[in-house]
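# Observations on the model geometry
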Amino acid sequence: MKSLVTLTQIMHILCEAGKVDIATVDSVKRYLAASQILPDGTFINNLEPREAKVGRLNLSFLERARLSQCPMSQRLFHIMSEKKTLLCVAADVTTGSEVLALAEQVGPYICVLKTHADIVDDLTDDDIAALTALAEKHNFLILEDRKFADIGHIVGLQYTQGPHHIATWADLVTVHTLSGEGVLKGLTLGLGTLSPVVNRGFFLVAEMSSQEHLMSPEYVAVLKKLMVFGLVAKFSYIYVGAVRALKQIPASVFTFTATVKMAQKYPHMVAGLVCQSANIISTPGLIQLTPGVKISDNADSLGQCYNSPDHAVLTCGADIAVVGRGVVCADNPALAALEYSKKLWSAYQRR
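Numbering of residues begins from 1 in every chain and follows the order in which that chain's sequence is written. Per-residue local features are limited, in this predicted model, to residues with pLDDT of at least 70; the limit for side-chain atom pairs, both in listing and counting, is 80 or more; totals at the level of whole chains, interfaces and linings are taken over all residues. The basis for every side-chain value is the complete set of non-hydrogen atoms in the structure, without hydrogens or water.

- In the annotation of an unreviewed UniProt entry, the entry for the protein chain reads orotidine-5'-phosphate decarboxylase, and the organism field reads Timema podura.
- Per UniProt, the protein chain carries the Pathway (unreviewed entry) text "Pyrimidine metabolism; UMP biosynthesis via de novo pathway; UMP from orotate: step 2/2." UniProt positions are given in the numbering used here, feature names are shortened, and annotations may be inferred rather than shown by experiment.

Pasting the structure below:
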């Protein structure tokens, strides 16, 4: 397919018709020259258009709230700005009383509390009601880290039914995009069955903080590495056919492009992306949620990788940093949350 007329030609036509001046024509030509990109998305000659420098990382949270189409991301931007915090604490505890105690302790210093309802042994409706009351008291949102990943019909049921009825109390949920757009359609349709209508938002998982996760361009290489070490042999009935097909697929397919496009297709529902890289999100209205943040330690024994607060915000581009054990296992979770909140906000002010 070839265009009938180029933008440069259009500008010259408008200039000849007296609709724009020559300075505007030259400005557009300079912009186009600086905006030429290669298939991998990098700029030719490493030149970036002047406008591209005014990206999400150069805008305040309140400015980005005005550019967002998602009510939940707008609300979250305002909470982050009002409370001066980028901290999300992961409530990775196993009893309802622990969840509530932690929420009370860290609530003043966080913008989001991340939960895993399926690891809490005794979570009751009363616990959930108490948790939502604490969220209102301390002005934070609840993110249920469910990572929905099934077909649309099933995720709609998982979201609204089951023992916890997640959609009725979780402001935000995490969603894997590997199963395709149907997962968002299913979640959205599920929300439509609730009465009264509630505002909810989704965080799409583009990257994870664990070593050798398969959500990257290195996906094919990882499979080959596993095969070399003989680890896939135990699961050959699953992988043999898949590996044959993967050998025929270019690594560029395994990028974050599809996840970003999905987010852009559902701007009223997708609040942001879960990722580790600053260059994945360009849309200012999307929020980058970055897990695996800890002041000390680089990794644990199970493959979890950690970034410092400064590195997460200044290098990785985090808008919200998820801290788990650094707060939960501290002698004083409230003081630890305060320390993390101050360090993260300081980094945000410097970027």
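### Description of unusual backbone geometry
- For the bond running from serine 195 to proline 196, omega is 5°, close enough to zero to count as cis.
- Note on conventions: DSSP H or I runs of at least 4 residues are helices, E runs of at least 2 residues are strands, and numbering of each starts at the N terminus. For proline 196, the position within the fold is in the loop between helix 8 (182–191) and strand 5 (201–205).
- One non-glycine residue, lysine 147, adopts positive backbone phi at about 50°.
- Mapped onto the elements of the fold, lysine 147 is located in strand 3 (residues 141–148).
- If you check the backbone angles, histidine 165 has positive phi at about 50° while not being a glycine.
- Looking at the secondary structure, you find histidine 165 in the loop between helix 7 (152–160) and strand 4 (172–176).
- Residue classification places histidine 165 among the partly exposed residues on the basis of a relative accessible area of 34%. Buried, partly exposed and exposed residues are distinguished by accessible area as a fraction of the type maximum, computed with a 1.4 Å probe on protein chains only: under 20%, between the cut-offs, and over 50%, respectively.

### Structural notes on the nonpolar core
- Counting 86 residues, the largest nonpolar core has Leu76 and Phe202 as its most contacted members.
- With 7 residues, the single largest contributor to this core is helix 14 (residues 333–350).
- Contacts are assigned to residue pairs with any non-hydrogen atoms lying within 4.5 Å of each other. Excluding residues within four positions of it along the chain, leucine 76 makes contact with Cys111, Val112, Leu141, Leu172, Phe203, Ile287 and Ile320. Throughout this description, the term nonpolar core refers to a set of buried Ala, Val, Leu, Ile, Met, Phe, Trp, Tyr and Cys residues connected via side-chain atoms within 4.5 Å.

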